[in-house]
Amino acid sequence: MIEHDDNTPWTCEEFEKALPELFERAQGGKLSADPRFADILRDCPQAAELVRDLEYIAETARMLLEPEGDAPTDEVWSNIQSRLNDGGSGAIN
């Protein structure tokens with residue numbers, strides 16, 4: 001559990017140590033959008049870069065885990081496989 005007085009500014013070291021828990025509690029995984037951390041992210045470039053990297057990783061993971069609405073159906077893949085097995089003759093429906 002993070003112990004930090006909201007009236008005391010974060011040090012870069014404190015903030016970086018707290019990042020795993022802060023990300024766990026962040027709304028939508030967007031720590032950079034939280035105004036409570038604007039000062040530390042402005043004053044500590046290393047922490048800001050780390051937050052950007054972690055947010056990018058989290059967003060990429062979220063996109064990979066979400067089902068794609070525009071992905072080809074199983075019928076399309078079966079049709080492609082069938083045409084490949086036939087030597088590529090005929091049009092794909």
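Up top you'll find the structure we're talking about.
Residues numbered from 1 in each chain as written. Predicted model: local features only at pLDDT ≥ 70, side-chain atom pairs only at ≥ 80, totals over all residues. Heavy atoms only, no water.

**Some words on the overall build of the protein**
And then number 1: If you tally the helices and strands in the protein, you get four helices and zero strands.
And then number 2: Listed N to C, the secondary structure of the protein is α-α-α-α in terms of helices and strands.
And then number 3: Here the protein holds 93 residues, and 23% of them are scored as buried.
And then number 4: Residue pairs in contact within the protein that sit at least 24 positions apart in sequence constitute 40% of those at least 6 positions apart.
And then number 5: Looking at the protein as shown, the accessible area adds up to about 7,400 Å², and 52% of this sits on carbon and sulfur atoms. (Helix = DSSP H or I, 4+ residues; strand = E, 2+ residues; numbered from the N terminus. Buried < 20%, exposed > 50% of the residue type's maximum accessible area, 1.4 Å probe, protein only. Contact = heavy atoms within 4.5 Å. Areas by Shrake-Rupley, 256 points an atom, 1.4 Å probe, with all protein chains shown as cover.)

**A look at helix H3 (residues 45-65)**
And then number 1: Spanning 21 residues, H3 covers 30 Å between terminal C-alpha atoms, matching the ideal 30 Å at 1.5 Å per step.
And then number 2: All of the buried residues along H3 are Ala47, Ala48, Val51 and Glu55. In a view along the axis of H3, the buried residues occupy a sector of 95°, so they form one face of it. Along H3, the residues that are exposed and aim more than 90 degrees away from the buried face are Pro45, Gln46, Tyr56, Ile57 and Leu64. (Expected span 1.5 Å × (residues − 1). Arc of directions from axis to C-beta.)

**Re the packing of aromatic side chains**
And then number 1: Overall, the coordinates contain three aromatic pairs when judged by the stated rule.
And then number 2: The interplanar angle of 80° and the centroid separation of 5.7 Å between the aromatic rings of Trp10 and Phe15 together place this pair among those described as edge-to-face. For the residue pair Trp10 and Phe15, the accessibility class agrees, reading buried in each case. (Phe/Tyr/Trp six-rings, centres within 6.5 Å; stacked < 30°, edge-to-face > 60°.)

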